[in-house]
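# Overview (structure and organization)
This is what each chain is made of:
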Amino acid sequence: MPALVNYSGDDDFYSGGPFCSGDSGIVLSIGSHVDIYCPPRKRARISGPLVVGGSVFEDKRPSIDVLPDECLFEIFRHLPGGRERSASACVSKRWLTVLSGVRSAEFYRSKAPRGQSDNINVDPASNNTESISADGDLEVECDGYLTRCVEGKKATDVRLAAIAVCTSSRGGLGKLSIRGSNSIRGVTDLGLSAIARGCPSLRFLSLWNVPSIGDEGVFEIARECHSLEKLDLCQCPSISNKSIVAIAESCPNLTALTIESCPSVGNESLQALGKYCPKLQSITIKDCPLIGDQGVASLLSSASAVLAKVKLQALNISDYSLAVIGHYGKSITSLVLSGLQNVSQKGFWVMGNAKGLQTLASLTITSCRGVTDLSLEALGRGYPSLKHMCLRKCCFVSDNGLVSFAKGANSLESLQLEECNRITQTGILNAISNCNSKLKSLTLVKCMGIKDLSPETPMLSPSESLRSLSIRSCPGFGSTSLAMLGKLCPQLHHIDLSGLCGITDTGLLPLLEGCELGLAKVNLSDCVNLTDEVVFALARLHGGTLELLNLDGCQKVTDASLGVLANNCPLLNDLDLSKCSITDSGVAALSRGIQPNLQILSLSGCSMISNKSITALKKLGRTLVGLNLQHCNSIGSHTIELLTENLWRCDILS
């Protein structure tokens, strides 16, 4: 004991030092004349000395952080699996950055011990694969690959690097969507490059409103992701022709491309796509001022073998491009042309008479001044396979052009007209009468030229094929026009007359009486002049087939209608009585009927319904999956809580 504790300081003992050079014990000074020696209990893990003197501690242990990135890169290459890589990426941003720089093919591959799984947990009962996400974003299996979507504040380079590291060993990232960008730490080429290096299996890439991503990031995608099939670029001002050309040259499996509001993309891109992408099936180009006739013509003439869907909006192209489409678009089945202000009547006329669009099935034209009566007639005669036609805001199309088109389009099944204000009631009636026997659907929206004329019109042959009639927000369409339609359309199953404030019971009743096969879906929302008489007629004439009835805003409909519907419409599935004059008595009458199929009931804005209806609503709730009680101010919160507890299967809006 005296050898260890020196009271006098006379023995051969050196304060603060070891007994010998190889001793790893330490000496602690606890006073001016007292030193204590502590022998080692365990072999030291660190070869460097640890000197403790007084209250000063100096830690000189070496750290892995002193290694340069090149050494860390080589170390991370030898990590055994994805779980270890994910754990390492969580240590620091530096480690995450280094890991995201390792290409998927550069990781050292070693055989895992038998019976061990790397980082995918499989549930044998459900045969589902469980993937572990490090950042909490959406991660689901999709056709064998993972799908990720980052939006707004979550869209950063760090997030993309984490996605690249954490998904690289779990089947690979198949779909990535970046929408918006963090205003402070937005997505740049660094983040997209990390995705390219870590996810070579990427098949779908969507970039929306990411101004900081430029050619460098897209170059990496082209260099690494040769399986890319779909590319969607929207509001990417820093991406130029170089990026699209690189994608075209390196991704031969590209089948769909969307370029919208990319001011630096021009004709060179479309030329490369036509030359290097033999599988391109769908192309959408919108608001790209540098794209003109040269690019469109080159693409259409080169990729005509498989290109099936073409959408051109707000481009500086002329009649020449439409002539090329009409001649070379032999495989096009869907064509959308919108906002082509430089295309004249001649362009559309040539496109129709070129006889190249023999397989075209769907045509949509919006805000194109070149669409006139003459060009519309040529379009109708030139496309023998056309089934769906939609005209929006074509202000130079009149009744003559519509009737000529209806006569020429022998395969037409669906016709939609929106804001074509030169078309009148006469043109509509004659088009229905002269159209082929295949027309099934007619839709009119905001056609202000339609006026309610006198019933003195020539005899027209009825359409036996028309099944759906939709006339929405056409204020001039009145009772006289409806009565005429009732004679021309005896086989209707679906009618939508929403927003027709001018129609009354007198005008609608002939239409209801003329429908011989029975109506299944009826939408009369905001037809403010209709009363219970219309509902009585519907229940009497079509109660056995009626499945959907929308009376939203029909303020003259009262409780009397609900009693009739309850007893005569056993197939009714969806009933909207919003803002009608319904009270507790009407709800009770509805609940007393036989409604085995009623799943959706809307009573929004029915202020006269009160807490007294809780019993009736509970009874109706046995089959309901959706109940709308918004703006029912007489129903208290306690009643809503009781309904929520009892109708646990039903989604209640309040």
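All of the points below concern the structure found in this document. (Residues numbered from 1 in each chain as written. Predicted model: local features only at pLDDT ≥ 70, side-chain atom pairs only at ≥ 80, totals over all residues. Heavy atoms only, no water.)

### Description of helix α6 (residues 215-224)
For an α-helix the count is 3.6 residues per turn, leaving residues at separations of three or four pointing the same way. Within α6, 7 of the 10 residues are buried, leaving the element largely enclosed by the surrounding structure. Residues of α6 that are buried: Asp215, Gly217, Val218, Glu220, Ile221, Ala222 and Glu224. The secondary structure elements touched by the buried residues of α6 are α5 (189-198), β10 (204-208) and α7 (241-250). (Buried < 20%, exposed > 50% of the residue type's maximum accessible area, 1.4 Å probe, protein only. Helix = DSSP H or I, 4+ residues; strand = E, 2+ residues; numbered from the N terminus. Contact = heavy atoms within 4.5 Å.)

### Details of the environment of Leu629
Relative to the helices and strands, Leu629 resides in the loop between β26 (626-628) and α21 (637-646). Residue Leu629 is classed as buried on the basis of its relative accessible area of 4%. Taking the C-alpha atoms as reference points, Leu629 and Ser578, 51 residues apart in sequence, are found 9.0 Å from one another. Ignoring anything within four residues of it in the chain, the contact list for Leu629 reads Leu603, Leu617, Ile635, Ile640, Leu643, Ile652, Leu653 and Ser654.

### Details of helix α11 (residues 345-353)
Listed in full, the buried residues belonging to α11 are Gly347, Phe348, Met351 and Gly352. Axial view of α11: buried residues confined to an arc of 130°, hence all on one face. Backbone geometry just downstream of α11 places Lys355 in the positive-phi region, at approximately 65°. (Arc of directions from axis to C-beta.)

### Points about the state of the cysteines
Inspection of the entire model under this criterion finds 0 disulfides. Here Cys501 stays unpaired: no disulfide links it, and the sulfur of Cys527, its closest cysteine neighbor, is 7.3 Å away. Note on Cys501: relative accessible area 44%, which makes it partly exposed. Left unpaired, Cys515 is separated from the closest cysteine sulfur, that of Cys489, by 8.0 Å. (Disulfide = S-S within 2.5 Å.)

### Quick word on the side chain of Ser525
Structurally, the position occupied by Ser525 is in the loop between β22 (521-523) and α17 (532-542). For Ser525, the side chain forms a polar contact with the side chain of Asn523, separated by 3.1 Å. (Polar contact = N/O pair within 3.5 Å; in protein donor to acceptor, adjacent residues only side chain to side chain.)

### Considerations on unusual backbone geometry
A positive phi is found at Lys393, a non-glycine position, where the angle reads about 55°. Mapped onto the secondary structure, Lys393 falls in the loop between β17 (388-392) and α13 (399-408). A residue is classified by how much of its surface remains accessible, and Lys393, at 45% relative accessible area, is partly exposed. Positioned with a positive phi, Asp526 is a non-glycine residue whose angle comes to about 65°.

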